[in-house]
Amino acid sequence: MEPFEARVRQEEQMTAPDAAGAALPVRSAPELGLAEVVRRAQLGSHAAFESLVDAYGNRLHRFLVLRVGRDRDARDVLQETLVAAWRSLPTLEDPERFWPWLAGIAANKAADAHRRHRPTVQLDPELPSANGVAADAFEVREALVALPAKLRDVVLLRFLLRFSEEETAAALGIRVGTVKSRASRARRALLEALR
Amino acid sequence: MSPGRDALDERVLRRLLDRAAEGIEPVGAGELSRAAHAASAREDREHVLQLAGRGAPARRSSRPARWAAALAATLVLALLGGIGLGRQLTPVAESVEAPVLPTLAPGFAPAGAWTVVDEGIDVPPGTRAVLAANVPLDGPGEQLELVPGRVLAELPEPGIVIAVVGRVATEEEQGEDAPLRLADGARDTLWAGPAGGERPLAEYALRGRHGGLELDVRVYFGTAEPAREELAVAQAQLDRLVVVAAASQVTIAARPASVRWGETIALSGAVAGGRAGERVTIEIRECGSDHWRAHGVTTTTSGGQWFSETTVPINAALRARTESAVSGGVGVVTSPSLTLFTNGRRPYASAGAAQSFWRREVVLQRYDAPRRRWVAVGRSRIHDSGGGGHFVWGQAYFSARLTPGSLYRAVMTDRQTGPCYLAGFSNMARP
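Residues numbered from 1 in each chain as written. Chains lettered and ligands numbered in written order. Predicted model: local features only at pLDDT ≥ 70, side-chain atom pairs only at ≥ 80, totals over all residues. Heavy atoms only, no water.

## Brief notes about the overall build of chain A
We count it as follows: Comment: elements are numbered from the N terminus, with helices defined as DSSP H or I runs of at least four residues and strands as E runs of at least two. Between two residues, a contact is recorded if the distance between any of their heavy atoms is within 4.5 Å. Accessibility throughout is a Shrake-Rupley quantity obtained with a 1.4 Å probe, and a residue counts as covered only by protein chains that appear here.
A count of helices and strands for chain A gives ten helices and zero strands. Pairs at least 24 apart in sequence give 67% of the contacts found in chain A among residues at least 6 apart. Put simply, chain A shows about 7600 Å² of open surface, and 47% of that area lies on carbon and sulfur atoms.

## Re the overall build of chain B
The following threshold applies: A simple rule labels every residue: compare its accessible area, found with a 1.4 Å probe on the protein chains alone, to the largest value its type can have, and call it buried under 20%, exposed over 50%, or partly exposed in between.
Each helix and strand counted, chain B has seven helices and 26 strands in total. Residues counted as buried form 50% of the 431 residues belonging to chain B. For chain B, restricting intrachain contacts to residue pairs at least 6 apart in sequence, the fraction spanning at least 24 positions comes to 63%.

## Overview of the environment of Leu 34 of chain A
All names here are of chain A. Positionally, Leu 34 belongs in helix H2 (residues 34-42). Since its relative accessible area comes to 2%, Leu 34 is described here as buried. For Leu 34 and Glu 96, which are 62 residues apart along the polypeptide, the C-alpha to C-alpha distance reads 6.6 Å.

## Considering the sheet that holds strand S12 (residues 258-260) of chain B
Residue and element names in this part refer to chain B. Note the following rule: When DSSP finds at least two bridges between two strands, those strands are taken to pair. To obtain each axis, a line is fitted to C-alpha atoms, and for helices this fit is confined to the stretch in contact; angles are then taken between N-to-C directions over 0 to 180 degrees.
Spatially, S12-S18-S17-S14-S15 is the arrangement adopted by the five strands of the open sheet, whose pairing is mixed. Sheet topology places S12 and strand S15 (293-299) at the edges, where each strand pairs with a single neighbour. The mean angle between the axes of side-by-side strands here comes to 30°, regardless of whether they run parallel or antiparallel. As paired strands, strand S14 (residues 279-286) and S15 are joined by six bridges and run antiparallel to one another. Its bridge partner lying in S15, Glu 283 is registered against Ala 294.

## Digging into the packing of aromatic side chains
Residues and elements named next belong to chain A. Our working rule: Working definition: rings of Phe, Tyr and Trp (its six-membered ring) pair if their centres are within 6.5 Å, and the pair is stacked with planes under 30 degrees apart, edge-to-face with planes over 60 apart, and tilted otherwise. Only when the NZ atom of a Lys or the CZ atom of an Arg is both within 6 Å of the ring centre and within 35 degrees of the ring normal do we say a charge sits over the ring.
This model, assessed by the stated rule, comprises ten aromatic pairs over all chains. Among the aromatic side chains, those forming a connected cluster through ring pairs are Tyr 56, Phe 98, Trp 99, Trp 101 and Phe 163. Seen from the ring of Trp 99, Arg 59 lies directly overhead, with NZ or CZ sitting 5.0 Å from the centre.

## Here's the deal with helix H6 (residues 228-238) of chain B
Residues and elements named next belong to chain B. Short version of the rule: Working note: the arc is built from the helix axis to C-beta atom directions.
Looking at H6, one finds that the buried residues are Glu 230, Ala 234, Gln 235, Gln 237 and Leu 238. For H6, the angular spread of buried residues about the axis comes to 160°, placing them on one side. With respect to the buried face of H6, the exposed residues turned more than 90 degrees away are Arg 228 and Glu 229.

## With respect to the side chain of Glu 230 of chain B
Residues and elements named next belong to chain B. Cut-off, in case you're wondering: Just so you know, the count uses Lys and Arg for positive and Asp and Glu for negative, and it drops His and the chain ends. Basic side-chain nitrogens of Lys or Arg form a salt bridge, by our definition, when they fall within 4 Å of a carboxyl oxygen of Asp or Glu.
Secondary-structure assignment places Glu 230 in helix H6. Within the buried set, Glu 230 has no salt-bridge partner at all; the shortest N-O distance to an opposite charge, 9.6 Å, is to Arg 199. The contacts of Glu 230, once residues within four sequence positions are left out, are Glu 157, Pro 158, Ile 160, Phe 221 and Thr 223.

## Some thoughts on the packing of helix H8 (residues 149-160) of chain A against helix H1 (residues 10-21) of chain B
Under the convention used in this document: Oblique is the label for any angle not covered by the other classes, which are roughly parallel (under 35 degrees), roughly antiparallel (over 145) and roughly perpendicular (65 to 115). Here the term charged refers only to Asp, Glu, Lys and Arg, the term nonpolar to Ala, Val, Leu, Ile, Met, Phe, Trp, Tyr, Cys and Pro, and the term polar to all other amino acids, Gly among them.
Packing of H8 of chain A against H1 of chain B leaves a shortest axis separation of 9 Å and a crossing angle of 95°. Taken together, H8 of chain A and H1 of chain B sit at an angle that is classed as roughly perpendicular. Two secondary-structure elements touch here, H8 of chain A through Val 155, Leu 156, Arg 158, Phe 159 and Leu 160 of chain A and H1 of chain B through Glu 10, Leu 13, Arg 14, Leu 17, Asp 18 and Ala 21 of chain B. In terms of residue class, the contact of H8 of chain A with H1 of chain B is made up of seven nonpolar, no polar and four charged.

## With respect to the confidence of the model for chain B
All names here are of chain B. Our working definition: Predictor confidence is given residue by residue as pLDDT, running from a minimum of 0 to a maximum of 100.
A residue-level look at chain B finds 80% of positions with pLDDT of 70 or above and a mean pLDDT of 76. Per-element averaging of pLDDT across chain B places helix H3 (residues 45-51) at the bottom with 32 and H6 at the top with 93. Ignoring residues within four places in sequence, the model shows residues 43-97, a span with pLDDT below 50, making 123 contacts including any to other chains. With pTM at 0.51, the complex prediction returns an ipTM value of 0.77.

Structure, rendered in structure tokens:
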């Protein structure tokens with residue numbers, strides 16, 4: 001079985017790099033399979049759950065910042081996601097699909113937050129400049145925020161988190177065909193916005 | 001984004017999203033741990049388990065308990081800056097949720113060329129740490145990561161950094177001291193440095209036991225291939241490793257250690273002895289002051305852990321005090337709140353902080369997209385000013401005419417904000 005940390009490391013390298021100037025690589029650790037860690041979390045191991053959160057939390061946070069627009073809101077949604085994940089973890093049938101499952105919960109919680117605080121989706125004005133982010137990144141964020149939430153979910157899951165169409169569909173509870181059409185619409189809208 | 005296409009290419013989109021995600025400040029390991037802990041501490045889980053038809057884990061057998069402990073050790077290593085510094089630590093104890101701060105700590109006997117720091121290091125609960133380097137470490141009062149990324153990023157070729165984390169050995173682990181020998185260590189390569197400019201450093205991972213502490217040690221060299229002489233220098237320093245009574249019986253860590261004025265900082269730490277309900281006073285020494293004053297009070301929870309949230313108005317050092325002990329100081333740096341307004345007749349920037357920036361210069365910058373850099377398009381000094389107490393605001397008006405659709409921001413350099421504030425960057429605004 002593929003070691004849990006090795007897979008996380010591999011996935012981490014595939015997704016967005018950390019922005020820290022002195023970025024250090026994710027290092028390998030113990031020989032635990034993802035499924036085993038998830039199973040133990042399902043059985044009530046707090047430590048197993050914490051290790052899952054530690055492994056996936058920052059990618060989830062990045063997804064949520066781009067999804068909800070503000071870092072502070074993203075952290076709130078992250079906390080709500082973790083609460084929901086812990087509660088419903090026993091219902092997850094395939095532990096290997098933990099990550100898309102978790103991201104799906106996050107997308108739902110982000111939608112809930114949007115409904116509660118409509119219209120809240122706006123860029124965090126402090127976030128980019130405080131961290132020295134280039135302005136073209138800011139433009140991408142602006143374009144993302146302008147997308148309808150359903151399209152934004154598909155874009156972020158498919159192209160930021162690198163989920164397959166099937167995983168994206170499972171995470172969002174929609175059909176693969178819907179993922180394809182939403183991704184296509186989103187790509188057209190983004191091209192238009194960034195021209 | 002070729003003009004002939006009607007949709008963004010998937011690979012381009014991936015790159016753009018990665019770029020958009022750059023600069024998002026990662027959630028600290030401690031904050032993630034607390035978030036997970038808070039989520040999994042909820043008591044409605046058993047109900048869910050029953051609904052799911054899998055049966056609630058009414059009592060954990062000793063085996064899952066061992067598993068939990070082993071995973072706690074996994075967590076400890078994950079907390080160690082993502083570097084796996086505790087990679088092969090065995091279970092900490094049966095109680096995995098509130099490890100007690102050891103009263104003993106690893107240290108080094110004095111040696112001329114070595115800098116040793118054992119305070120102000122952000123470490124996981126239940127551990128003590130010490131850093132030694134033959135290059136300068138960050139100044140006293142500045143919080144260090146257990147694996148100091150900034151130091152490693154600039155580590156010169158003869159440079160060596162040794163990071164040691166220790167926890168109390170369990171009963172099964174008690175035994176004779178196990179010496180630390182580089183030759184026995186697992187060698188790996190660590191890539192350190194700014195994104196895109198990383199370089200390989202040799203890393204040795206060692207485990208040992210000394211004076212009742214289980215030790216996990218990492219030795220970093222400023223080169224991928226350390227010479228025999230460098231290995232000997234590192235080994236000589238490892239031979240000076242000692243276990244001593246911890247300098248402080250109360251610890252403190254701050255996350256993040258760099259904030260904008262008004263933002264909240266999470267403080268955490270532990271008190272040796274592990275008692276719950278012990279009073280901890282947070283003290284602050286602000287930039288420009290020689291005196292520590294009380295900043296807030298909290299109490300310990302199980303295992304002697306304590307958590308608190310606060311704000312600091314200005315660059316400051318914080319420390320924790322109990323009835324009988326005081327921690328080392330941890331530095332927190334602050335940038336002023338700076339906001340750019342472009343909707344009015346003239347653009348202006350508003351700066352807020354605990355001190356006045358009267359007559360200080362603010363630069364208006366426009367983003368030059370083709371050259372991917374910011375260009376100064378106007379300068380102004382802060383004139384309007386008001387406020388009082390811990391908040392003083394000021395405004396600087398610019399005469400520059402803004403181009404609709406361009407991106408602008410305001411900046412105050414550290415020469416204008418220092419020494420008690422970091423440089424300030426405003427929001428980006430597009431008129």
